[in-house]
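Fold and contact review
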Number of protein chains: 4
Amino acid sequence: MKAPTIIALLYGPDQPGLVARVSSWIFLRGSNIHHADQHKDLEANIFFQRIEWTPSGQIDEEAAGFEKFAHEDLGMTVKVAKSTDRPKVALFVSKIDHCFHDTILRFRSGEMAGELVCIISNHDTLKANAETYGIPFYQVPVSKETKAEAEIKQLEIVHSHNANLVVMARYMQVLSDDFLNKAGCPVINIHHSFLPAFAGGKPYHQAHARGVKLIGATAHYATADLDEGPIIHQDVTRINHRNSVPDLVRKGKDLEKSVFAQAIRLHLDNRILVYHNKTVVFD
Amino acid sequence: MKAPTIIALLYGPDQPGLVARVSSWIFLRGSNIHHADQHKDLEANIFFQRIEWTPSGQIDEEAAGFEKFAHEDLGMTVKVAKSTDRPKVALFVSKIDHCFHDTILRFRSGEMAGELVCIISNHDTLKANAETYGIPFYQVPVSKETKAEAEIKQLEIVHSHNANLVVMARYMQVLSDDFLNKAGCPVINIHHSFLPAFAGGKPYHQAHARGVKLIGATAHYATADLDEGPIIHQDVTRINHRNSVPDLVRKGKDLEKSVFAQAIRLHLDNRILVYHNKTVVFD
Amino acid sequence: MKAPTIIALLYGPDQPGLVARVSSWIFLRGSNIHHADQHKDLEANIFFQRIEWTPSGQIDEEAAGFEKFAHEDLGMTVKVAKSTDRPKVALFVSKIDHCFHDTILRFRSGEMAGELVCIISNHDTLKANAETYGIPFYQVPVSKETKAEAEIKQLEIVHSHNANLVVMARYMQVLSDDFLNKAGCPVINIHHSFLPAFAGGKPYHQAHARGVKLIGATAHYATADLDEGPIIHQDVTRINHRNSVPDLVRKGKDLEKSVFAQAIRLHLDNRILVYHNKTVVFD
Amino acid sequence: MKAPTIIALLYGPDQPGLVARVSSWIFLRGSNIHHADQHKDLEANIFFQRIEWTPSGQIDEEAAGFEKFAHEDLGMTVKVAKSTDRPKVALFVSKIDHCFHDTILRFRSGEMAGELVCIISNHDTLKANAETYGIPFYQVPVSKETKAEAEIKQLEIVHSHNANLVVMARYMQVLSDDFLNKAGCPVINIHHSFLPAFAGGKPYHQAHARGVKLIGATAHYATADLDEGPIIHQDVTRINHRNSVPDLVRKGKDLEKSVFAQAIRLHLDNRILVYHNKTVVFD
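Residues numbered from 1 in each chain as written. Chains lettered and ligands numbered in written order. Predicted model: local features only at pLDDT ≥ 70, side-chain atom pairs only at ≥ 80, totals over all residues. Heavy atoms only, no water.

Observations regarding the packing of aromatic side chains
For the structure on display, the rule yields 40 aromatic pairs over all chains. Both rings, one in W25 of chain C and one in F69 of chain C, keep their centres 5.6 Å apart while their planes meet at 20 degrees; by these two values the pair is stacked. Pair noted here: W25 of chain C is in helix α1 (residues 18-28) and F69 of chain C is in helix α2 (residues 59-73), with a separation of 44 residues, a long-range link. Judged by its relative accessible area of 16%, W25 of chain C is buried. Taken together, the ring pairs connect W25, W53, F66 and F69 of chain A into an aromatic cluster. The side chain of R29 of chain C reaches across the aromatic face of W25 of chain C, ending 4.3 Å from its centre. (Phe/Tyr/Trp six-rings, centres within 6.5 Å; stacked < 30°, edge-to-face > 60°. Helix = DSSP H or I, 4+ residues; strand = E, 2+ residues; numbered from the N terminus. Buried < 20%, exposed > 50% of the residue type's maximum accessible area, 1.4 Å probe, protein only. Lys NZ or Arg CZ within 6 Å of the ring centre and 35° of its normal.)

Details of the side chain of Q234 of chain D
Of note, Q234 of chain D is situated in strand β11 (residues 231-238). Its relative accessible area of 0% is what places Q234 of chain D among the buried residues. Reaching out from Q234 of chain D, the side chain makes a polar contact with the backbone nitrogen of K213 of chain B at a distance of 2.9 Å. Residues within four places of Q234 of chain D in sequence aside, it is in contact with L195, V212, K213, L214 and R238 of chain B together with A217, T218 and V259 of chain D. (Polar contact = N/O pair within 3.5 Å; in protein donor to acceptor, adjacent residues only side chain to side chain. Contact = heavy atoms within 4.5 Å.)

Some words on the pattern of salt bridges
The tally for this structure, following the rule as stated, stands at 73 salt bridges over all chains. Among the ionic pairs, R265 of chain D bridges to E111 of chain D, the shortest N-O distance being 2.3 Å. You can see R265 of chain D sitting in helix α8 (residues 245-268) and its partner E111 of chain D sitting in the loop between α3 (98-108) and β6 (115-121), a full 154 residues away along the chain. The same class applies to R265 of chain D as to E111 of chain D, namely buried. Connected via shared salt-bridge partners are D102, R106, E111 and R265 of chain A together with D254 and K257 of chain D. (Salt bridge = Lys/Arg side-chain N within 4 Å of Asp/Glu carboxyl O.)

Quick notes on the relation of the copies chain A and chain C
Look at the two chain copies: a rotation about an axis and a shift along it is all it takes to match them. Once turned by 180 degrees and shifted 0.0 Å along the axis, chain A lies on chain C with an RMSD of 0.0 Å. This pairing of chains is accounted for by a two-fold axis. (Least-squares fit on C-alpha atoms with pLDDT ≥ 70 in both.)

Focus on helix α5 (residues 147-160) of chain D
Residues and elements named next belong to chain D. Helix length check: α5 (14 residues) gives 20 Å between terminal C-alpha atoms against 20 Å at 1.5 Å per residue, within 8%. Along α5, the residues classified as buried are A150, E151, Q154, L155, I157 and V158. Projection of α5 onto a plane perpendicular to its axis shows the buried side chains occupying an angular sector of 160 degrees, all on one side. Pointing more than 90 degrees away from the buried face of α5 are the exposed residues A148, I152, E156 and S160. Where the residues of α5 are buried, they touch β5 (88-93), β6, β7 (137-139), β8 (165-168) and α6 (177-183). (Expected span 1.5 Å × (residues − 1). Arc of directions from axis to C-beta.)

Some words on the packing of α3 of chain D against α8 of chain D
All names here are of chain D. Axis separation between α3 and α8 bottoms out at 9 Å; the angle between their running directions is 40 degrees. Overall, the two elements α3 and α8 adopt an arrangement that is oblique. When the axes of α3 and α8 are compared, the crossing they make is right-handed. Contacts between α3 and α8 involve H98, C99, D102, T103, R106 and F107 from the first element and K253, E256, K257, F260, A261, I264, R265 and L268 from the second. Tallied by class, residues from the contact of α3 with α8 come to six nonpolar, two polar and six charged. (Axes fitted to C-alpha atoms, helices over the stretch in contact; angles between N-to-C directions. Parallel < 35°, antiparallel > 145°, perpendicular 65-115°, else oblique. Left-handed = near helix turned anticlockwise from the far one by under 90°. Nonpolar A, V, L, I, M, F, W, Y, C, P; charged D, E, K, R; others polar.)

A closer look at the domain arrangement of chain A
All names here are of chain A. Domain boundaries in chain A define domain 1 (6-82) and domain 2 (88-281). The centre of domain 1, based on its C-alpha atoms, is set 31 Å off from the matching centre of domain 2. Contacts between domain 1 and domain 2 engage 13 residues on the former and ten residues on the latter. For the pair domain 1 and domain 2, the two sides together bury roughly 940 Å², of which 61% comes from carbon and sulfur. Its largest share of buried area at the contact with domain 2, domain 1 owes to L9, F48 and R50, together 47% of the area lost on that side. At the boundary of domain 1 and domain 2, one finds one salt bridge. We note a salt bridge from K278 to D41, for which the minimum N-O separation is 3.8 Å. Looking at the side of domain 1 that touches domain 2, the elements that each hand over two or more residues are β1 (6-13), β2 (32-41), β3 (46-54) and β4 (77-82). Among the residues making up the side of domain 1 that touches domain 2, the classes are represented as eight nonpolar, two polar and three charged. (Domains from an automatic or database assignment. Buried area = accessible area lost by both parts, 1.4 Å probe.)

What to know about the confidence of the model for chain A
When pLDDT is averaged across chain A, the result is 94; 99% of the residues are at 70 or more. Here the predicted complex carries an ipTM of 0.92, next to a pTM of 0.95. (pLDDT = per-residue confidence, 0-100.)

Remarks on the interface of chain A and chain C
Contacts between chain A and chain C engage 32 residues on the former and 32 residues on the latter. Contact between chain A and chain C buries roughly 2900 Å² in total, counting both sides, with carbon and sulfur atoms accounting for 48%. When the buried area of chain A at its contact with chain C is split by residue, L195, R210 and H241 of chain A rank highest and sum to 24% of it. One can count six salt bridges joining chain A with chain C. The partner of D235 of chain C in a salt bridge is R238 of chain A, and the shortest N-O contact between them spans 3.1 Å. Between chain A and chain C we count 20 residue pairs in polar contact (both at pLDDT 80 or more) in total.

Quick word on the interface of chain B and chain A
Interface size is commonly expressed as the accessible surface area that is lost when the partners come together. With 18 residues of chain B in contact, the opposing surface of chain A contributes 18 residues. Contact between chain B and chain A buries roughly 1700 Å² in total, counting both sides, with carbon and sulfur atoms accounting for 57%. Together, V19, F27 and K40 of chain B form the three largest contributors to the area buried by chain B at its contact with chain A, with a combined 26%. Counting across the chain B and chain A interface gives eight residue pairs in polar contact (both at pLDDT 80 or more). Counting residues per element, the ones that place at least two in the side of chain B that touches chain A are α1 (18-28) and β2 (32-41) of chain B. Looking at the side of chain B that touches chain A element by element, the count peaks at seven residues for β2 of chain B. Residues of the side of chain B that touches chain A, tallied by class, amount to eight nonpolar, six polar and four charged.

So this is what it looks like as structure tokens:
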């Protein structure tokens, strides 16, 4: 399957014949479907589909044609991508570097269907590392007073690189609703999560003090007006009383790396549909 | 989705338009697709599909119509089932009872889309238990000399109950190729599996002696002419030096129960397609 | 290691020489240590130990002697048990039966180092099943008005059977602080847990609505004056958008069974020390 | 616990009083035990212990004294280390770089209790990367004809750096028994493992063709005269029919990284005892 493919993600009010109409549209122009995954949320009466096919005609024309068809004829919200797309990704980071290195190395190894175009940090700690990797690094210091101003600069950088995705690789600042609204692209964040949950600072210390037996990490989209956006991926690891707080932090880092990477990969592979603060992940 | 649905499992040589033709066949008679999952084995050039829909017309007629269409028009191997089907299941067991109880309780709780119709054992150890559960119990002793004869009796029992599936809940005898050929229905088996694998008897002792850190269980279809048939489901659990051989056996039992149950459930939910000694599991 | 052993669980303020003094006490009377596991909580400055040995002298005398030594000479809180002990366990249940069957079958199979002596339920749903298993069943109806009275009856039953442990196998009532104080033995409970946590009813519906990717179960000791007592064991399982609420409930049941069983096993094997609302589990 | 500690790993024929004699030796000189973990292999009648304490006297003297005591008085095989030790590690690699980067970054982040002193490769592919990390890189080409000669060079490099451990980060050559005998230090290797196992090349292709549902990785010590040495750590990950061979390779890489890192960490933390081709891991 080396020929370029079109990938469409669509969702909208369910109605009879959607699978048939979508697949017939593709078939009747002589194109060849490779994957088609459907889901219905029966309570919300919403139809979801991820479909991938090799176009018979000129790829951009066929992609645009499908988008029009899905939107106008089927009343669907639709995103159309090509397998040859290389979405541009902006990485936000502070000083903590485990997700930073892991993410960059995965992009470099060809494991991610996109391109890391810039790194934005409130510190200069990782400047030299970024340069070694050959990725433009921008330091934008952030303080309580300068946050609004700093976000304007960050948005300029994101936009100047035409970023299609922002990923927060342990960026220890909250991006404002205003930033998220103006970013013009999705933002993926990663954080630890616990059973039970802990409010306040030093969660690994709290987890240790509480004697929890599992620690977790959750990757989600950052969303304006929501404390916590749609969950993309989660995982946990087992801990015991022999583990010190540094052990928990180390295990948490490994979790964060793998959960964050999986979330970015799923997004870049066009496998995620978002609605009602939740995701459908066609993995 | 309380109305009865039709579930079709089909596979065969890939060709353009299969998704469209299948979904259009359903749509054009006013029926409503709920799930449709496709897969292509690109190396073998085989198309696989599981599709579920609410028929607009009389269900048996529509099911038969689809079967004819998929077979004759599309050249597919096809199995059509109804959500109201209650496949009959024959359970083989020896003396070890963990999978026996677990399987029966899952059927009783309504968790399995089928009906346990009989229990066949080479021993009478679990006779009283079977009677308490209200399930017919047949003891068919097996020795090296009487094996062929015993299998004839077993086949008679299986056939007299019109069993659609045989499940080997730690039945400690090998069913012959002849039995498997004549059974007229699939046979699911469960066994332990190790990294690395161990030949010979007492595998838990061997695993303990070798210091392995994981033990596993594998559920598969029993197949004539094959040492080990298509794998349906697998799982592992972590062990350490503090675990004795009885600990390994106990952990292995828990694994066997859950892997076996999951394999039976997937089969009864019509989620498994078999080809070339492997499975596609639409879970 | 067939000879009966003594198992001691001790904890208290750390001081130099504890390991040496404990092991020398045992060695100097000619007894033979099989396992000894220590832990220190460096922040709280508490020493924990589980130690198991074959006594050289009369077992009850040596056990009593050790208890006196650990308490009076070392200033430790100590629990001494014998490998031949068969603690008596009272099982509370309502109508939901998955933990009920699973727990009973594990006791019957010899997997648990104790004896199920009675079943107490607020309903008669599982009366016939209890009788089949040959375990005394007591129905004690509970309503808002009669709760205090009902707990008096429950305590009478627990005490009349000399229960050393109460396990709540999905008993859908909260046991009052008064009950927990008067029970005279530990109480183990099991409940689902989620990332993030959900307040209010129907948590599986909430988890489904929120699109969580993992569901969990937590077993803990029920404690007076605490919302949620010390955590004993936790586990999670992966879910996705294809899973309906009934799928989540089913997966949750499997989790609850295994987490509950593991917590009971750890307790009966004298592997758990509790302090400051947390546990040290010597597994 | 910031004061330097002594860690002793000992094993040998079991005899009464070992725990008492070891702990008393430490206690009687006023030193303070922090951790002590024992294990007995009842079949082999072997005693194992890992014990860690803060010495009261001069650390090197006390360490040497304990070594003498454990060896001469107790008849144990013993290894004594200090928490301040920084074992030197030589990394072997070919062209595949996932374990290479992951291992180096873990050492750099301070997560490993040791120091990477050199990199030896049969190719120059990762030379520039090694230089960026500031670690000496040696290319030693290997062909069938030059293997013996190449191993002499490799041994010279290992010895010139006083390496205490060799780790094979996907080094695609077999080290000969001669190399292993002369290395003078343990060698840790990582490889994939499957249920069932596959002989021959392209195992991920074989696993895909066989439809396995789990793939695994195993880290072990390389041992002369043994096909596969003592297992240190293992893990698996779930795969399905939607995963292509490249997906399996990618998932396998993530497994290999984490299993390899965990094995190296356990070794450097002096948590592994080896006997009879198996390990006791005090984790």
